[in-house]
Amino acid sequence: MSTNTNRINLVECPRDAMQGWKKNIPTADKITYLNALLKVGFDTLDFGSFVSPKAIPQMADTAEVVKALDLSGTSTQLLAIVANYRGAEDASVYDQINYLGFPFSVSETFQQRNTNSSIQESLGRVEEIQNLCIKTGKTLVVYLSMGFGNPYGDPWNEEIVFDWAHKLTAMDIRILSLADTVGLATPEQVSRITGYLTQALPETEIGVHLHSRPDNWRVKLEAAFESGAQRFDGALKGIGGCPMADDELVGNMNTEWMIRFFKEKNGLSLNEEALAESLRLADKIFLS
């Protein structure tokens, strides 16, 4: 029997799947796919990002996409990733968007690669974006990327992760998601780090954005769930990752696996017909 009695928030991340895809995905196909996903019953849809089109060309049409999404009859909320204040301003004008997500890395190297700013500069960006979110009625989700280690040789240990988490929540950040950006996490790390944060920050929703292989997904997911995580990111087919990280990426946690897991653990119920249609469209977009 699980010790986690919290409500589970399942976050589908088609943005993560699409952003690094080498073949251009037509805007109309993105809209069709996202509208299908909105019918499934996910808590949140990480649908796009307001970032430099030079950095992430696949996301250049996010503003066009959001205008075409059908939110009637869905309880799913939209999340957009931003990397700076300008992107946050662009995203905040859309009433359809509930959450802004900011990638805050505990690796100096990766923070520069991902947002072209230092960790200290990024802390300032978080504060500015948080103030904007308060003014515009949005909620800021901060991703602690490289939360389980990094391949760049930057200083890393669990205390560094905890220290940044405390600094961020001191800004009244209420959602933190630990990102296993390059798939380095072990189940033991996931358990320790997630467990510490859920205990130390009871007013904060702690999530995990795990990347995994077919042979280790369940032990990682179980470790996070049993340690009290409340928010779980995945992508159908397990496609995707950050194009600013290493080229040899471990894929996103496959949402199909997560759905099976949570059906066993807490009786998760989704619209199976809409899920089947979404999987069909994912095959068409990513595998055809």
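Structural notes, computed from the coordinates.

### Quick notes on the nonpolar core
In this structure, F47, F104, L144 and F232 are the most contacted members of the largest nonpolar core, which totals 87 residues. Element by element, the count of residues in this core is highest for helix α11 (residues 272-287), at 7 residues. Every residue in contact with F232, bar those within four places of it in the chain, is listed here: I8, N9, L10, V11, V208, L221, A224, F225, M258 and F262. I81, Y99, V141 and I175 belong to the second-largest nonpolar core, a separate cluster that totals 6 residues.

### Section: the packing of aromatic side chains
Applying the stated rule across the entire model yields 11 aromatic pairs. Judged by centre distance (6.2 Å) and plane angle (75°), the rings of Y33 and F286 are edge-to-face. In this pair, Y33 sits in helix α2 (residues 27-37) while F286 sits in helix α11, placing the two residues 253 residues apart along the sequence. The pair formed by Y33 and F286 is uniform in burial state, with each residue classed as buried. Taken together, the ring pairs connect F225, F232, F261 and F262 into an aromatic cluster. For the cation-ring pair, K167 lies above W164, with the distance from its terminal atom to the ring centre recorded as 4.4 Å. The ring of Y99 has R231 sitting right over it, with the charged end atom 5.3 Å from the ring centre.

### Observations regarding the packing of helix α8 (residues 187-200) against helix α9 (residues 217-226)
At their nearest, the axes of α8 and α9 sit 8 Å apart, and the two run at 15° to each other. Taken together, the axes of α8 and α9 lie roughly parallel to each other. For α8 against α9, the interelement crossing comes out right-handed. Here P187, V190, S191 and T194 of α8 come into contact with α9, specifically with V219, K220, A223 and A224.

### Let's talk about the environment of R86
Among the structural elements, R86 can be located in helix α4 (residues 85-92). Through-space distance from the C-alpha of R86 to that of I129 is 9.2 Å; in sequence the pair is 43 residues apart.

Calculation criteria
Residues numbered from 1 in each chain as written. Predicted model: local features only at pLDDT ≥ 70, side-chain atom pairs only at ≥ 80, totals over all residues. Heavy atoms only, no water. Core = buried A, V, L, I, M, F, W, Y, C linked by side-chain atoms within 4.5 Å. Buried < 20%, exposed > 50% of the residue type's maximum accessible area, 1.4 Å probe, protein only. Helix = DSSP H or I, 4+ residues; strand = E, 2+ residues; numbered from the N terminus. Contact = heavy atoms within 4.5 Å. Phe/Tyr/Trp six-rings, centres within 6.5 Å; stacked < 30°, edge-to-face > 60°. Lys NZ or Arg CZ within 6 Å of the ring centre and 35° of its normal. Axes fitted to C-alpha atoms, helices over the stretch in contact; angles between N-to-C directions. Parallel < 35°, antiparallel > 145°, perpendicular 65-115°, else oblique. Left-handed = near helix turned anticlockwise from the far one by under 90°.

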